[in-house]
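The chain contents come next:
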Amino acid sequence: MTKVVLMDKSSNLLSTIKGPTGPEHRQLANEVMRQALEQASLQIDDMSYIVATGYGRLNVPFADRQITELSCHARGVSSLFPNVRTAIDIGGQDAKCMKIANGRLISFVMNDKCAAGTGRFLEVTAATLGIRLEDMGDISLKATQKIQISNLCTIFAQQEVVALLSRGEKLENILAGLHDALANRVAALARRLGIEPDLVLTGGVAKNTGMVRAMKESLGCEMLVPEEPLLTGALGAAILAKETYVKAVAAGETLPTKSRRLEKATFFS
Amino acid sequence: MVVEKKKKTINRLKSMYPLRAKVNETYLKSVEAIQAGKPAVWGMLNFYYGDPILKAMDIEVVYPENYGAIAAAVGVAQQYLDRADAEGFPTHLCGYSLTTLGYATRMMKELKGQIPPEAPFGGMPKPLFLMSSAAICDARYKWFQALGRYMDVPVWPLEAPLPGIKEFFIEGYYDQMVKLGVKHLRDFVAFVEGMVGKKMDWDKLDKTANLMIEVNRIWHEVNELRKARPCPMHSRDFWSAMPAALFLAGDLEDSLRLYQDMYKEVKDRVNRHVGTIPDEKYRLVFAELPPWHSLGFFDKLAERGWNFVIESVGYHPPIPMDLSKVSDPLERITKFSLQFLVGYYEDAQKQNVLGGTTAYPYLKYATEWKCDGALLHPLISCRSASTHLPYVSDMLMEKLKVPSLSIEGDIVDLRLFNPEDALAKAEPFEETMEYYRRMRKEEGFDW
Amino acid sequence: MSEENKGLSKAQAIYLNRSQRARELKAAGKKIIGYPCVYVPLEMLTALDLVPYQTCGDIKEPVTEADRALPHSFCPIMRNCLDCALKNKNDFLDGMVTIHSSDPQEKTARVWESYTNYPYFHFIDMPITVRPEALEYFKSQLNDFRKTLEAFTGKKLSADKLEAAIKSHNRQRTLVRELYELTKPSPPLISGTEMVQVLKALTSLPVVEGNALLTETISEVKNRTAGHEKKSARLLIWSSTLDDTDIMQVFEAKANVVMNESCGGIRAYRSGVEFTADPLEGLANYYLNEITCARTFRQATLGETRKDYARDLQSRFGYLKGIIKEWKINGAIMLLVRYCDPFAFEMPSLKDYFDSLGAPSTYIEYDYTTGALAPLRTRVEAFLETISQ
């Protein structure tokens, strides 16, 4: 997913957009930016400062600065939950745990090598079960029995799920087991940092009620979830952009910025 | 309703049971010792080198490597693995080390030195010191060093030289190894004396060394008997009975009697042509560490006629050597310990099998124990017990036309070993073994 | 491209085509001996007029051939090195010297010997402690190494040849330290990337040529008018191996790497071999004691009856304190090569040590492939963001 957040100097949100990412990062960045500007009735020239974050952050030609998604999430989450100390972001392709103090990232751990500890785990198993990803969480909440998914690997877990179904295990119980498996993996990651409340869960997976339940159980504490869990990274980037700009203006400095043109970017330029 | 108890296919040796029981005793004894104010130590398998010293000084030893296997088999390893992960130890590390580090975290950080109530077999008490070993792998001495983060106890890493096969035959090489071993052991004795506040009884050490050597000599002879067809003793019995010889678990005089009993029982089976399984169709060699948590798997294979006749070179006693003229017990112990490795070197050099000290013995096993196939068990977190396996497989095929089947697993993560998958591979492998039996016949091999 | 390649541009050219000089020397009748680890005493090769050549890996080379002999969950660097060897990239070698510095080194050595056919192959065993009897044993190992070298070359390795070689190699160590002095200024006069190229070049040249390259480079760098861009972070990288510019550049995109404490960095050059009556003693002492690789077991209280964690950390890692102070380091990265056991076990204790010094630190794992670069970048940048406040 590619997301954009535009905000003004007083931190009012002017527009927010989420769009599916394809291979052509640059073209999409342009497209989504165009939509965001339209929504806010602004032109690209009106942008004072732009920060890009996430995997594709190096492919946003009009971004003035790149900041890692870890710092951006930390900032975004603290603006929504001022007492946050630990943030966990479970995305489609990675999982991040962040230690936060005074609104800033102080340490982190990441998993981006193994699908079994990311949202991908649920996507793959949902497909295997023939149910929609969006429905997984609610169904899992109906579970009446604990099932342990023993396989470490997403691919083998798929096989195990099929075996469980054919054995007559109930769908809701299997789903709860899958959520527990993912939660346990992410919880193990988080424990390397040390869990301190307030704890906030973000990322696409945070919209999954079953995951919220499973994470709470795994970590043994309450979890807060923002209304828009997919936007905390972009939100944080916008806040950092604002802070950078405001600080520079106050100090009478001019910030180097990129060309304010939304070109039709070609893949190899 | 009558529930029929299924008869196990592997006919276990009666003499195995008392030997197996010795492991359980060691944990109990170490806890009792600490409670009685006597010394107890955490040790690393050291191949007949440090153990006789501790034995002679009546120091109880437990082996976290062994405890890791127990924790895994009983299903409690995960909580310790999780703790080690949270402490910042990378997850690729040896599962036994992570289990121990997690256990130490629980005992020392969370319970301020009290043995965790959930720990199986009574747990491992906080030791007086840690005795590690350089033998076999890096993890084994680095992990005890890492334990220093949780326990204020000194670590003594025992040196373990590892020559190249060709290099070993350079004049004077062996003598230098012995020189290192003897001096090092002498210093270790001094260290232990300092730790326990008691002097070594050298007569007792002399006696202990002799007992250790004799126990292992009998044990060696027992395993030689397994060359018979059908094989009278299964690998399962080997693994169950080995602790008393391998790390001197329990009273040595008692162990000597028990191994002598085992020799009698096995010899009797040989005389009566009795195999350990009813219908020996295939003779297998197993490498390297067994799946402790799933040994029932071998019973399933036994039902198919698979007899495991020899295994795990790392656990086998040294090839007997004449040490009668060596008066210094430290030198006797050193030479016996080195023999575990270098006993095979001359043969390996003659056959030009240079690919590792743990590889050549499998050629000898397959030849002398007449094996139709090898079952290889690479373990994802134990690289030292797995790295030589591709070479073993290559070499067995190239030199002896003996095929291998590889089934993956892990030492503590039991989810990685899938017995159903493994059994599914058994049938096609039988065809392979039969094919290569014919090939060997054509090439003039006698099995 | 300049007519006469000197200093940094020469180092870069050699970095990009490492085996060129070795091949030239071979064509001119010299014998080239490969070695995979900095624990091999190169002085003994130099003394017999053999050209040492480090058989490094290449992160751009996808590993394929090594699969038949080594499992996947194994040191990726040694797998890569073996892979290059099996693909005949080292076909100009007349022999190999391997050493028991770590498990992967030992296991790969066996495989290397079995699967290749060099005229000369020698494996040196190493003890794990630095106790007197261990040093004695290691010295005897070097003596045995001397014997097979003499048999191979047909020449005697006399004490004065060895002393001359020790002198040259010590000179190289001194020069490398001199070059590292030039990363002390702010901004450093030479970048971490340039250092990797220079040090890699040294492993591809006879010692005397390496010394000449260093002398040129030091002079060139000292006389630089335009320094490197000053970044706020001055990093120490602690690792088993960091010898590749693509990896180094991930760190240097937003930081100055002023100290690379690894093989590929300063590790093999931190101090010098002492001259002793029997030169093998000085060599044994230097290689076992002075090389700060996690494989050697060091502890403060050697066999004593009490253990003090803080003193133990000081004895294992104390040399880093001076480095952090003198190079004004404000961030330390423990860069773990996946599956490396000795370094992995060290990390939590080393982190405790860095914490005791108030030096911000983090650990990052990588697997010596180009696929590792992007995740590395994110983690490095995030760490830099946490220390830049």
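Only a predicted model underlies this, so the values are computations on that prediction, with no experimental measurement involved.

Draft legend 1. Structural context of the overall build of chain B. On a plain count of helices and strands, chain B comes out with 17 helices and eight strands. Compactness check: chain B gives a C-alpha radius of gyration of 22 Å against a globular reference of 22 Å for 447 residues, within 12% of the reference. Along the first, second and third principal axes, the C-alpha atoms of chain B reach 65 × 60 × 40 Å. When each of the 447 residues of chain B is scored for burial, the buried share is 56%. For chain B, long-range pairs separated by at least 24 residues make up 76% of all intrachain contacts whose partners lie at least 6 apart in sequence.

Draft legend 2. Region of the structure containing the overall build of chain A. Along chain A, the regular secondary structure elements total eight helices and eight strands. Burial status across chain A gives 42% buried among its 269 residues. Within chain A, contacts between residues at least 6 apart in sequence are counted, and of these 67% link residues at least 24 apart.

Draft legend 3. Representation of the packing of helix α8 (residues 202-224) of chain B against helix α11 (residues 252-271) of chain B. Residues and elements named next belong to chain B. One can describe the packing of α8 onto α11 by two numbers: an axis separation of 9 Å at closest approach and a directional angle of 15°. Here α11 runs roughly parallel to α8, going by the angle between their axes. Regarding α8 and α11, the two cross each other, and that crossing is left-handed. Along the contact surface, α8 presents Thr 208, Leu 211, Met 212, Glu 214, Val 215, Ile 218, Trp 219, Glu 221 and Val 222, while α11 presents Leu 252, Glu 253, Ser 255, Leu 256, Tyr 259, Gln 260, Met 262, Tyr 263 and Val 266.

Draft legend 4. Local environment of the domain arrangement of chain A. The domains assigned to chain A are domain 1 (2-71 + 231-250) and domain 2 (83-219). The gap between the C-alpha centroids of domain 1 of chain A and domain 2 of chain A is 28 Å.

Draft legend 5. Layout of the sheet that holds strand β1 (residues 32-35) of chain C. All names here are of chain C. Within the open sheet, the four strands sit side by side as β2-β1-β3-β4. Their pairing is parallel. The strands lining the two open edges of the sheet, one partner per strand, are β2 (51-54) and β4 (120-124). Within the sheet, the average angular offset between the axes of one strand and its neighbour, ignoring direction, is 25°. Of the pairings in the sheet, the one linking strand β3 (residues 95-99) to β4 comprises five bridges and is parallel in character. Residue pairing in the sheet places Met 96 in a bridge with Phe 121 of β4. The sheet strands contacting helix α6 (residues 132-153) are β3 and β4, and the helix crosses β4 at an angle near 175°.

Draft legend 6. Quick look at helix α7 (residues 159-181) of chain C. All names here are of chain C. In this model α7 runs 33 Å from its N-terminal to its C-terminal C-alpha over 23 residues, within 8% of the 33 Å that 1.5 Å per residue would give. All of the buried residues along α7 are Leu 162, Ala 165, Ile 166, His 169, Asn 170, Gln 172, Leu 175, Val 176, Leu 179 and Tyr 180. Lining the buried residues of α7 we find α3 (42-47), α8 (192-202), α9 (207-222) and α11 (279-290).

Draft legend 7. Representation of the sheet that holds strand β6 (residues 95-101) of chain A. All names here are of chain A. Ordered in space as β7-β6-β5-β8, the four strands form an open sheet in which the pairing is mixed. Both edges of this open sheet fall to β7 (104-111) and β8 (199-202), since each of them pairs with a single strand only. In this sheet, neighbouring strand axes are inclined to one another by 20° on average, regardless of whether the strands run parallel or antiparallel. As defined by bridge partners, β6 adjoins β7 across seven bridges and the pair is classed as antiparallel. Each residue of the ladder has a partner; that of Lys 96, found in β7, is Met 110.

Draft legend 8. Just the nonpolar core, in detail. Core analysis: the largest hydrophobic core is formed by 325 residues, its most contacted members being Val 285, Tyr 362 and Ala 374 of chain B. At 12 residues, helix α6 (residues 171-191) of chain A tops the list of elements feeding residues into this core. The next biggest cluster of nonpolar side chains, apart from the first, holds 26 residues, and it includes Val 4, Leu 6, Met 33 and Val 51 of chain A.

Draft legend 9. Focus on the environment of Glu 123 of chain A. Checked against the element boundaries, Glu 123 of chain A lands in helix α3 (residues 119-129). For Glu 123 of chain A and Val 60 of chain A, which are 63 residues apart along the polypeptide, the C-alpha to C-alpha distance reads 28 Å.

Draft legend 10. Focus on the confidence of the model for chain B. Residues and elements named next belong to chain B. The share of residues in chain B with pLDDT of 70 or more is 98%, and the mean pLDDT across the chain is 92. Within chain B, the lowest mean pLDDT, 86, falls on helix α1 (residues 16-35), and the highest, 98, falls on strand β6 (residues 306-311). Scored as a complex, the prediction yields pTM 0.91 and ipTM 0.92.

Draft legend 11. Up close: the pairing of strand β5 (residues 282-287) of chain B. All names here are of chain B. Summarising burial for β5: six of the six residues are buried, a large majority. Where burial is concerned, the two faces of β5 agree: the one with Tyr 282, Leu 284 and Phe 286 and the one with Arg 283, Val 285 and Ala 287 are both buried. Relative to β6, β5 runs parallel, the two sharing five bridges. If you follow Val 285 over to β6, its bridge partner there is Ile 310. With helix α12 (residues 296-303) bridging β5 and its parallel neighbour β6, the resulting β-α-β unit is right-handed. Bridging between β5 and strand β7 (residues 373-376) involves four bridges; their strand directions are parallel. By the bridge assignment for β7, Val 285 is matched with Ala 374.

Draft legend 12. Examining the packing of helix α4 (residues 133-140) of chain A against helix α7 (residues 209-219) of chain A more closely. Residues and elements named next belong to chain A. Here α4 crosses α7 at 50°, and the two axes come no closer than 6 Å. When the axes of α4 and α7 are compared, the pair comes out oblique. Each of Met 136, Gly 137, Asp 138 and Ser 140 in α4 lies in contact with α7, whose residues at this interface are Thr 209, Gly 210 and Met 211. By residue class, the composition of the contact of α4 with α7 is two nonpolar, four polar and one charged.

Draft legend 13. Looking closely at the interface of chain B and chain C. Listed by partner, the interface residues are 50 residues for chain B and 49 residues for chain C. Each residue belonging to the side of chain B that touches chain C can be placed in one class, and the counts come to 27 nonpolar, 13 polar and 10 charged.

Draft legend 14. A look at helix α1 (residues 7-16) of chain C. Turning to α1 of chain C, its buried residues number three or more, namely Leu 8, Lys 10, Ala 11, Ile 14 and Tyr 15 of chain C. Across the axial projection of α1 of chain C, the buried residues extend over an arc of 160°, all falling on one side.

Draft legend 15. Main features of the pairing of strand β5 (residues 86-90) of chain A. All names here are of chain A. Most of β5 is tucked away: five of the five residues are buried. The alternating pattern of β5 places Thr 86, Ile 88 and Ile 90 and Ala 87 and Asp 89 on opposite faces, both of which are buried. Of the strand pairs in this sheet, β5 and β8 are connected by four bridges, and their pairing is parallel. The residue of β8 that forms the bridge with Thr 86 is Leu 199. Note that β5 and β6 share five bridges and pair antiparallel. When the sheet's bridge partners are listed, Ile 90 is paired in β6 with Ala 95. The loop that links β5 with its antiparallel partner β6 comprises four residues.

Draft legend 16. Region of interest: unusual backbone geometry. The step from Arg 229 of chain B to Pro 230 of chain B runs through a cis peptide bond, and the omega angle for that step is -5°. With an omega dihedral of 0°, the bond running from Ala 287 of chain B to Glu 288 of chain B counts as a cis peptide bond. Tracing the sequence through the fold places Glu 288 of chain B in the loop between β5 and α12. The phi angle at Asn 102 of chain A is positive, at roughly 50°, despite the residue not being glycine. If you trace the backbone, Asn 102 of chain A turns up in the loop between β6 and β7. On the basis of neighbour counts, which here come to 8 C-beta atoms within 10 Å, the residue Asn 102 of chain A falls in the exposed class. With a phi angle near 55°, His 273 of chain B is a residue other than glycine that sits in the positive phi range.

Draft legend 17. Main features of the environment of Asp 103 of chain C. For Asp 103 of chain C, the location among the structural elements is in helix α5 (residues 103-115). On the neighbour-count criterion, Asp 103 of chain C (24 C-beta atoms within 10 Å) is buried. Distance from Asp 103 of chain C to Phe 74 of chain C, taken between C-alpha atoms, is 9.7 Å for residues 29 residues apart in sequence. Every residue in contact with Asp 103 of chain C, bar those within four places of it in the chain, is listed here: Cys 137, Asp 138, Arg 383 and Ser 384 of chain B together with Asp 341 of chain C.

Parameters and conventions
- Residues numbered from 1 in each chain as written.
- Chains lettered and ligands numbered in written order.
- Predicted model: local features only at pLDDT ≥ 70, side-chain atom pairs only at ≥ 80, totals over all residues.
- Helix = DSSP H or I, 4+ residues; strand = E, 2+ residues; numbered from the N terminus.
- Rg over C-alpha atoms; globule rule 2.2 N^0.38 Å.
- Buried ≥ 20, exposed ≤ 12 C-beta atoms within 10 Å, placed from the backbone.
- Contact = placed C-beta atoms within 7 Å.
- Axes fitted to C-alpha atoms, helices over the stretch in contact; angles between N-to-C directions.
- Parallel < 35°, antiparallel > 145°, perpendicular 65-115°, else oblique.
- Left-handed = near helix turned anticlockwise from the far one by under 90°.
- Domains from an automatic or database assignment.
- Pairing = 2+ DSSP bridges.
- Expected span 1.5 Å × (residues − 1).
- Core = buried A, V, L, I, M, F, W, Y, C linked by C-beta atoms within 7 Å.
- pLDDT = per-residue confidence, 0-100.
- Right-handed = clockwise from strand over helix to strand, strands pointing away.
- Nonpolar A, V, L, I, M, F, W, Y, C, P; charged D, E, K, R; others polar.
- Arc of directions from axis to C-beta.

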